Each structure stands twice: as structure tokens, then as C-alpha cells.
Amino acid sequence: MSLPLRQERPDDAPAIHALITAAFGQEDEANLVDALRQDGDLWLSLVMEGEDGEIIGHIALSRLKSPKNALALAPVSVTPKRQGEGIGGALIRRAIKEARSKGKTLIFVLGDPAYYTRLGFNVETAAPFDCIYAGDYFMALELGDEKAEVAPVVYADAFGRLG
Ligand SMILES: CC(C)(COP(=O)(O)OP(=O)(O)OC[C@H]1O[C@@H](n2cnc3c(N)ncnc32)[C@H](O)[C@@H]1OP(=O)(O)O)[C@@H](O)C(=O)NCCC(=O)NCCS
């Protein structure tokens, strides 16, 4: 996947909202990203641009209240017509790289294990961590060599306001 990946700019917000809504077929996840941004909890918001400069992919990493130095990955969105081309994978790999380069220790994700285990996430890594989302779909990826401190996983407030 060699299309350009970049940080969101302030004027991207409406296009990102539209993309996420189209990918999920509902507005909840787009509203979540808007709320995270407004609250200052959006740690990373990356977009992929298509051939004409339109936004065709997006990923968000948000700050967790706990554990320290850990992030939540959600949501990942690819425009319906371009799904299955590796765009989602490219966004996730870049987000992981950014988090690792900034000294983050862990990324948590709630998603389909068939998809996320290919990218290094697993249920076993998340298992010691208490979380309201804990279960078969709750995964984590350790970013450093050192074991991260085990503490309850507390998502940013915007997740609690999800419909
Ligand atoms: C999930 C999503 C981000 C993946 O992005 P993508 O660019 O389509 O995926 P990639 O091209 O990187 O990977 C494609 C592979 O993942 C699989 N895959 C795609 N979406 C999947 C999903 N939700 N669950 C399991 N596997 C999935 C495909 O079957 C494909 O597998 P194959 O290579 O064996 O054929 C994208 O399909 C999307 O926006 N879906 C709607 C929103 C959503 O469900 N987001 C994820 C939850 S946060």
C-alpha cells in the first residue's frame, strides 16, 4: 500500500466523519472520534488519501486513563469500495509504529481476533487486564521489551457516551 498516510488536519474533520459513517453504516463511531477530538483524548488520527486526495481510510488511537502509557485503537475505517486492499492493515501498522516510537507500552483493541491477530494483537496479552470490554474480542499488543504494569483498562470518557 503506497498511498500517502498523514496526520489529520483541522479541516479534515467533516470528511473523516463521513468516511467513518460510510464504513460502519452508522454514525456512532464517527461521533466517538469527534468526541475524542473535542475532549483532547485523540492521541493519533491518521488518514490515508486516495489517488484524488480524498480520504479513503482513517485510524484513531486514543489515550487511556489507565494503564499509564497505554492506548486504545478504535475505530479503523476504510471506505467501502476500497476495503480488502490492505489499507486497514497499512493504517494499523503505521499507528503501531508511531506509538512504539513515542515510548507507548501497550495498545488495546476490541475487534475480530481473525483480523487483529495477524497484526500482532492477541487475547492472551490483554487477559490480565480488567476492563469492561474484557472477553474473547479484547486484545492487546505489547510495544516494548519490558512487561507493562498490569492495571485496570479505563477508556476515555467519550467511550462511555457511546450510544
Ligand atoms: C475492518 C477494516 C478496517 C479492514 O480494512 P481493509 O483495508 O478492508 O482490510 P485489509 O485489506 O487490511 O485486510 C483484508 C483482510 O482482512 C479481512 N477482514 C477485513 N475486515 C475484517 C473484519 N471486520 N473481520 C475479520 N476480517 C476482516 C479480509 O477478509 C481480508 O482477509 P484476506 O486477506 O484473507 O482476504 C475495513 O474493512 C472497514 O472499514 N470495515 C468497516 C468498519 C469496521 O468494521 N472496522 C473495524 C472495527 S474498528
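Reference entry: report on the structure contained in this document. Being a predicted model, the structure only gives us computed values, none of them experimental.

**What about the sheet that holds strand β4 (residues 70–78)?**
- With mixed pairing, the six strands of this open sheet are ordered in space as β1-β2-β3-β4-β5-β6. Across the chains shown, the open sheet's two edge strands, defined by having one partner strand only, are β1 (5–7) and β6 (138–142). Pairwise comparison of adjacent strand axes, ignoring direction, gives a mean angle of 25° for this sheet.
- When β4 meets strand β5 (residues 106–110), the two strands line up parallel, connected through four bridges. Paired with A72 across the strands is F108, a residue of β5.
- Sheet strands in contact with helix α3 (residues 87–101) are β1, β2 (42–49), β3 (55–63), β4, β5 and β6, and its direction is about 35° off that of β3.

**What about the site of the ligand?**
- Neighbouring the ligand are 18 residues; Q83, G88, G89, D112 and Y115 lie closest to it.
- Taken together, the elements giving at least two residues each to the shell around the ligand come down to α1 (13–24), β4, α3 and α4 (113–116).
- When residues in the shell around the ligand are grouped by element, the largest group, five residues, is from β4.

**Details of the environment of A74**
- Secondary-structure assignment places A74 in strand β4.
- Taking the C-alpha atoms as reference points, A74 and L32, separated by 42 residues in sequence, lie 9.2 Å from one another.
- Among residues more than four places away in sequence, those in contact with A74 are A60, V109 and L110.

Definitions and limits used
- Residues numbered from 1 in each chain as written.
- Predicted model: local features only at pLDDT ≥ 70, side-chain atom pairs only at ≥ 80, totals over all residues.
- Pairing = 2+ DSSP bridges.
- Helix = DSSP H or I, 4+ residues; strand = E, 2+ residues; numbered from the N terminus.
- Axes fitted to C-alpha atoms, helices over the stretch in contact; angles between N-to-C directions.
- Contact = placed C-beta atoms within 7 Å.
- Near = placed C-beta within 6 Å.

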